[in-house]
Amino acid sequence: MEHRSLRFGCVCASNQNRSMEAHDLFLKNGFNVKSYGTGSSVKLPGQSIHQPNVYGFNTPYQTMLEDLEAQDKDLYVQNGVLRMLKRNSNIKRAPERFQETSEKFDVIITFEDRVFEAVLDHFNSKRSITFEMAHVVNLEVNDTHAHAAIGAKYAVSTSICSSPVRETRS
């Protein structure tokens, strides 16, 4: 099966940084991909580490962007959050929660051990009707913009390299 026909899922905690960086790169390389978060809410850096900005899943990225621009545009430009939200809004409307999707995947890539565990817990808690197999792979990636970019490149290059090669005869 060629990588373009495989169904990929990219999952992090909030469907903001790591999963969306990978989603973007997978799309640019012609993959069939969707992305999700597993947390109970979407958390973005706030004006202090003890006061994150918290949104519900399905809150549009554009709404978050406008909210943070109104709060402190300079801060969120400096820390890269506004750029990230603009990228995200160009890919899809809003963050989605993995536990709420009925999509089927051939390969699911998580970017943190606790997210990997949440995906496995979700599969173990629901009854399968189709009994389709999915490969779930975890890449431990720090939740920073720089590490997300490295993790996305690794996820895509590994996926391309592990796809079966079609033989051509001349």
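Preceding block: the structure.
Residues numbered from 1 in each chain as written. Predicted model: local features only at pLDDT ≥ 70, side-chain atom pairs only at ≥ 80, totals over all residues. Heavy atoms only, no water.

Considering the overall build of the chain
When you go through the chain residue by residue, the secondary structure sums to five helices and six strands. The N-to-C order of helical and strand elements in the chain reads β-α-β-β-β-α-α-β-α-β-α. Every one of the 170 residues in the chain was classed for burial, and the buried ones make up 44%. Taking contacts inside the chain between residues at least 6 apart in sequence as the whole, the part at least 24 apart equals 71%. Just so you have it, the chain exposes about 9800 Å², and 51% of that area is on carbon and sulfur atoms. (Helix = DSSP H or I, 4+ residues; strand = E, 2+ residues; numbered from the N terminus. Buried < 20%, exposed > 50% of the residue type's maximum accessible area, 1.4 Å probe, protein only. Contact = heavy atoms within 4.5 Å. Areas by Shrake-Rupley, 256 points an atom, 1.4 Å probe, with all protein chains shown as cover.)

Some words on the packing of helix H2 (residues 61-78) against helix H3 (residues 81-91)
Two elements in contact, H2 and H3, have axes whose closest approach is 9 Å; the angle formed by their N-to-C orientations is 160 degrees. It follows from the interaxial angle that H2 and H3 lie roughly antiparallel. In terms of crossing hand, the pair formed by H2 and H3 is left-handed. Here H2 contributes Tyr-61, Gln-62, Met-64, Leu-65, Leu-68, Glu-69, Lys-73, Tyr-76 and Val-77 to the contact with H3, which in turn contributes Val-81, Leu-82, Leu-85, Lys-86, Asn-88 and Ser-89. For the contact of H2 with H3, the per-class residue count stands at nine nonpolar, three polar and three charged. (Axes fitted to C-alpha atoms, helices over the stretch in contact; angles between N-to-C directions. Parallel < 35°, antiparallel > 145°, perpendicular 65-115°, else oblique. Left-handed = near helix turned anticlockwise from the far one by under 90°. Nonpolar A, V, L, I, M, F, W, Y, C, P; charged D, E, K, R; others polar.)

Here's the deal with helix H1 (residues 18-28)
Most of H1 is tucked away: eight of the eleven residues are buried. Turning to H1, its buried residues are Arg-18, Ser-19, Met-20, Glu-21, Ala-22, His-23, Asp-24 and Phe-26. Two residues or fewer past H1, Gly-30 is found with a positive phi of approximately 80 degrees.

Brief notes about the pairing of strand S1 (residues 7-12)
Counting buried positions over the six residues of S1 gives five, a clear majority of the element. Across four bridges, the pairing between S1 and strand S5 (residues 107-110) is parallel. Within S5, the position partnered with Gly-9 by the bridge is Ile-108. (Pairing = 2+ DSSP bridges.)

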